[in-house]
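Commentary on secondary and tertiary structure
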Amino acid sequence: QVQLVESGGGLVQTGDSLRLSCAASGRTFSSYAMGWFRQAPGKEREFVAGISWSGGSTYYADSVKGRFTIARDNAKNTVYLQMNSLKPEDTAVYYCAALRRLYPHEVDYWGKGTLVNVSS
């Protein structure tokens, strides 16, 4: 069992940066690939970024490539999403996920989400 708690969301302006964190409980964190997903109002949840258990492989949605960076610290049981050059279309609830498989991704556990609101 892995429990995930996201933090770091908030209200920012276009062009600003935010760093989301996801703290995981459970001794098996380092064995999971991890991912970030998001769900905008009225839209389906979509994949944003993923990272392998070692941190050696990362994947990004085309919409965030070059602006977002995913990283993990297995010693701290934490995964991060650094978001730069934010746009209004990045507004969504961001969810952390523990992945049974990185790509194509299969989710085993979800966090409850943190809201990111980017104003124009």
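See the structure printed just above.
Now for a look at the structure at hand. Just so it is clear, the structure is predicted and the values come from calculations on it, not from any experiment.

All right, on to the packing of aromatic side chains then. Note on aromatic pairs: each is described by the distance of the centres and the angle between the planes. Across all of its chains, the model carries five aromatic pairs by this definition. Relative to Tyr109, the ring of Tyr32 has its centre 6.0 Å away and its plane inclined at 75 degrees; by these criteria the two rings are edge-to-face. Taken together, the residues span a long stretch of sequence, with Tyr32 in the loop between strand S3 (18-25) and strand S4 (33-39) and Tyr109 in strand S10 (residues 106-110) at a distance of 77 residues. On the accessibility criterion, Tyr32 (14% relative accessible area) is buried. Here Tyr95 and Trp110 contribute two aromatic rings whose centre-to-centre distance is 6.3 Å and whose plane-to-plane angle is 85 degrees, an arrangement assigned as edge-to-face. You can see Tyr95 sitting in strand S9 (residues 92-101) and its partner Trp110 sitting in strand S10, a full 15 residues away along the chain.

Let us now look at the nonpolar core. If you look at the biggest cluster of nonpolar residues, it comprises 30 residues, and the most contacted ones within it are Leu4, Met34, Trp36, Leu81, Met83 and Tyr94. Within the residue set of this core, elements represented by two or more residues are S3, S4, strand S5 (46-51), strand S7 (68-73), strand S8 (78-83), S9 and strand S11 (114-119). Sequence-distant contacts of Tyr94, defined by excluding residues within four places in its chain, comprise Glu6, Leu20, Trp36, Phe37, Arg38, Val48, Phe68, Leu81, Met83, Gly113, Thr114 and Val116. In terms of nonpolar packing, the next biggest core, distinct from the first, is built from six residues, Ala33, Ala97, Leu99 and Leu102 among them.

By the element assignment, Arg67 lies in the loop between strand S6 (58-60) and S7. If we skip the residues at most four places from it in the chain, Arg67 touches Gln82, Met83, Asn84, Ser85, Leu86, Lys87 and Asp90. In terms of polar contacts, Arg67 uses its side chain to reach the backbone carbonyl oxygen of Ser63, at 2.9 Å.

Next up on the list: the sheet that holds S7. Two strands in a sheet stick together by hydrogen bonds in their backbones, pointing the same way (parallel) or opposite ways (antiparallel). Spatially, four strands are ordered S1-S3-S8-S7 in an open sheet, and the strand pairing comes out antiparallel. The two strands at the open ends of the sheet, each matched to only one other strand, are strand S1 (3-7) and S7. Ignoring strand direction, the axes of neighbouring strands in this sheet form an average angle of 15 degrees.

Here is what the cut-offs are and how they apply
Residues numbered from 1 in each chain as written. Predicted model: local features only at pLDDT ≥ 70, side-chain atom pairs only at ≥ 80, totals over all residues. Heavy atoms only, no water. Phe/Tyr/Trp six-rings, centres within 6.5 Å; stacked < 30°, edge-to-face > 60°. Helix = DSSP H or I, 4+ residues; strand = E, 2+ residues; numbered from the N terminus. Buried < 20%, exposed > 50% of the residue type's maximum accessible area, 1.4 Å probe, protein only. Core = buried A, V, L, I, M, F, W, Y, C linked by side-chain atoms within 4.5 Å. Contact = heavy atoms within 4.5 Å. Polar contact = N/O pair within 3.5 Å; in protein donor to acceptor, adjacent residues only side chain to side chain. Pairing = 2+ DSSP bridges. Axes fitted to C-alpha atoms, helices over the stretch in contact; angles between N-to-C directions.

Keep in mind that these numbers describe shape and distance, not what the molecule does.
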